[in-house]
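Each chain, written out:
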Amino acid sequence: MHLIETRDLCYSYSTSKAPVLNNINFIAGRKQRIAVLGPNGAGKSTLFRHLNGILQPKSGSVLIKGEPITKANIHEVRKFVGLVFQNPDDQVFSTTVEQDIAFGPYNLGLDEETVAHRVDSVVSMLGLEDLRDRAPHHLSGGEKKRVAIAGVLAMEPQVLILDEPTAGLDPQGVKELSGFLNALPEKFGFTVIYSTHQVDLVPEMADFVYIMEKGEITGYGTPKEIFLQDDLLARAHLELPALPKLIRALQAQGVDIESAYTYQDAEDAFMKAFGKQPVPRKKVEDPLPYGLDLPHTHDHDHEHTADHYHHHHPHQ
């Protein structure tokens, strides 16, 4: 059973007959990092708004832990699936940062002590200690985005969905946020689903990739599988990430170098190409300030396989 599954999901806005989503079959399992790529207008944001019940399908279905979303379970679905919008102003609106983070847990009916604990935990987790008493509208775009993520994490979801999480961030903000999101599946058992136009991030922070064009899923696979398909990338107006692009250009010139997609693998490939031994690496503990008391999910459910996808996705 998948945490999230859509079956032949179709949707169109009342102002247009053209489908915004057309026969979308999407699955997400436990502890996975899933990137959804595609040009503006491909339907990524609309898909995300179906996954926690903000929008309802015109046809097809959305299943959360195998159950369709209904009026009876929508409250539980929104606790289980947290959505961070692209524009933090769409969900950060309280008088202070602390009040904004507490808003969701209070709406769950939790007591003050539990709410305070959750707020303290996510404030520590996202490094917001100095901003607790600040007014959100006085914060920078990157700070607002961290507050929006903190507000969703305080609900303690198992699935975190982020629409363009790195949009508008400076390079340091992108580095910190991507490191933070990368740690969530392994440390706390989250599933993280996000859209991005920054393809260079994808090999470093995705286990699986969906490509969307004009409301349809046109590609699925691991980052390596996706980035080997030049025609697919061109149709979706996507560039090959810089490192594999460079390595492929060198290979075309006859340089004997292994293909690589992540920075670490590329560094090793260059060392070998120059006749050097790759540098042994020790596993480094993540330096981020974690303190969140989140329920760990089970480790045995690594369900999201290409075989299952192709079995259920006849358009492939």
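Bear in mind the structure is a predicted one, so any value in this text is a computation, not a measurement.

## Brief notes about the sheet that holds strand S4 (residues 59-64)
So, point 1. Read from one edge to the other, the open sheet built from four strands follows the order S2-S1-S4-S5, with strand pairing classed as antiparallel. The sheet is open, and its two borders are formed by strand S2 (21-28) and strand S5 (67-68), each paired with just one other strand.

## Structural notes on the sheet that holds strand S10 (residues 216-221)
So, point 1. Reading across from one edge, S6-S7-S8-S3-S9-S10 is the order of the six strands in this open sheet, with mixed pairing throughout. Taken across any chain shown, the strands that pair with only one partner, and hence form the sheet edges, are strand S6 (81-84) and S10. Strand-to-strand twist of the sheet, defined as the mean angle between neighbouring strand axes without regard to direction, takes the value 15 degrees.
So, point 2. Pairing analysis gives four bridges linking strand S3 (residues 33-37) to strand S9 (residues 208-213), with the strands arranged parallel. Within S9, the position partnered with Ile-34 by the bridge is Phe-208.
So, point 3. Sitting on the sheet, helix H5 (residues 141-153) touches S6 and strand S7 (159-162), and the angle it makes with S6 is about 170 degrees.

## Observations regarding the side chain of Thr-96
So, point 1. By the element assignment, Thr-96 lies in the loop between S6 and helix H3 (97-107).
So, point 2. You can call Thr-96 buried: its relative accessible area is 17%.
So, point 3. Contacts of Thr-96, omitting those with residues within four sequence positions, involve Arg-132, Asp-133, Arg-134 and Pro-136.

Reading the values: the criteria
- Residue positions are counted from 1 within each chain, in the order its sequence is given.
- pLDDT decides what is reported in this predicted model: residues at 70 or higher carry local features, side-chain atom pairs at 80 or more are listed and counted, and totals for whole chains, interfaces and linings draw on all residues regardless.
- Heavy atoms throughout the structure, all of them, feed into the side-chain values; hydrogens and water do not.
- We call two strands paired when DSSP finds no fewer than two bridges between them.
- Only DSSP runs of H or I covering at least 4 residues are called helices, and only runs of E covering at least 2 are called strands; the numbering of each starts at the N terminus.
- To get an axis, fit a line to the C-alpha atoms, keeping to the stretch in contact for a helix; angles then go from 0 to 180 degrees between the N-to-C directions.
- The contact criterion used is simple: two residues touch if any of their non-hydrogen atoms lie within 4.5 Å.
- For each residue, the accessible area found with a 1.4 Å probe, counting protein chains only, is set against the maximum for its type, and the residue is called buried under 20%, exposed over 50%, and partly exposed in between.

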